[in-house]
Amino acid sequence: MVDYELSDSAIVETISLTLESIEGVRLASAGARSVGDVLSGRRSRPVRVVRENGRVRVELQLVARYGEPLKNLAENVQRSVYDVLTATTGLKVEAVDVVFVDVTAEGEDAA
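Residues numbered from 1 in each chain as written. Predicted model: local features only at pLDDT ≥ 70, side-chain atom pairs only at ≥ 80, totals over all residues. Heavy atoms only, no water.

> Explain the pairing of strand 2 (residues 47-52) here, please?
Both faces of the sheet carry side chains from a regular strand, because those side chains alternate between them. Relative to strand 3 (residues 55-65), strand 2 runs antiparallel, the two being bridged by six bridges. Counterpart to Val50 in the pairing with strand 3 is Arg57. A loop of two residues connects strand 2 with strand 3, the two strands running antiparallel in sequence, and Asn53 in this loop sits at a positive phi of about 50°. (Pairing = 2+ DSSP bridges. Helix = DSSP H or I, 4+ residues; strand = E, 2+ residues; numbered from the N terminus.)

See below:
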């Protein structure tokens, strides 16, 4: 049996590459903040990885292209990230939480 560990950076990069294949969405820049971050004073990161009891939970802060159906987009992101992390890393993914922190129009650094 081979033991190995994945850094959070490797997980974040895997997620970033997965999101590149999904039309209409991108990771928020590191400066974007959700309401929860503002109220709590937390620094914002577009991808948070939480490991607990052998399981991983990720929170993604995303920017959607204006006009995209957000519910469908969120479900697509959740399913894609879950599938890729499970298949390529062997991690037990507990949840993929999606937070839309912004919406942009075409041409405005759109997704």
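Further notes follow.
> How do you make sense of helix 3 (residues 70-89) when you look at a structure like this?
Three or four residues apart is the spacing at which side chains of an α-helix point the same way, because the helix has 3.6 residues per turn. In this model helix 3 runs 27 Å from its N-terminal to its C-terminal C-alpha over 20 residues, within 8% of the 28 Å that 1.5 Å per residue would give. All of the buried residues in helix 3 are Leu73, Ala74, Val77, Ser80, Val81, Leu85 and Thr89. Each buried residue of helix 3 sits inside an arc of 140° when the element is viewed along its axis, so together they form one side. Turned more than 90 degrees away from the buried face of helix 3, the exposed residues are Lys71 and Ala87. Where helix 3 is buried, its residues touch helix 1 (8-20), strand 1 (25-27), strand 3 and strand 4 (92-104). Looking one or two places after helix 3, you find Gly90, whose phi comes out positive at around 80°. (Expected span 1.5 Å × (residues − 1). Buried < 20%, exposed > 50% of the residue type's maximum accessible area, 1.4 Å probe, protein only. Arc of directions from axis to C-beta. Contact = heavy atoms within 4.5 Å.)

> For this particular structure, what's the right way to read the pattern of salt bridges?
Side chains that differ in sign of charge can pair as their charged atoms come close. Under the counting rule described, the total for this entry stands at eight salt bridges. Glu59 is paired through a salt bridge with Arg48; the nearest N and O atoms lie 3.1 Å apart. Placement of the pair is Glu59 in strand 3 and Arg48 in strand 2, with a sequence separation of 11 residues. Residue Glu94 pairs with Arg55 through a salt bridge whose shortest N-O separation is 3.9 Å. With a gap of 39 residues between them, Glu94 in strand 4 and Arg55 in strand 3 connect regions that are remote in the sequence. One salt-bridge network, in which partners are shared between bridges, spans Arg55, Arg57, Glu94 and Asp97. (Salt bridge = Lys/Arg side-chain N within 4 Å of Asp/Glu carboxyl O.)

> Please explain the nonpolar core as it appears in this structure.
For soluble globular proteins, nonpolar side chains are generally found buried alongside one another. Ile15, Val58, Leu60, Val77 and Val81 are the most contacted members of the largest nonpolar core, which totals 21 residues. Counting only elements with at least two residues in this core, the list comes to helix 1, strand 2, strand 3, helix 3 and strand 4. Sequence-distant contacts of Val58, that is, excluding residues within four places in its chain, are made with Ile15, Arg48, Val49, Val81, Leu85, Ala95, Val96 and Asp97. (Core = buried A, V, L, I, M, F, W, Y, C linked by side-chain atoms within 4.5 Å.)

> What am I meant to see in the environment of Ile22 here?
Within the element layout of this structure, Ile22 appears in the loop between helix 1 and strand 1. Since its relative accessible area comes to 7%, Ile22 is described here as buried. Along the sequence, Ile22 and Val77 sit 55 residues apart, while their C-alpha atoms lie 7.4 Å from each other. Setting aside anything within four residues of it in sequence, one finds Ile22 in contact with Leu73, Asn76, Val77 and Ser80.

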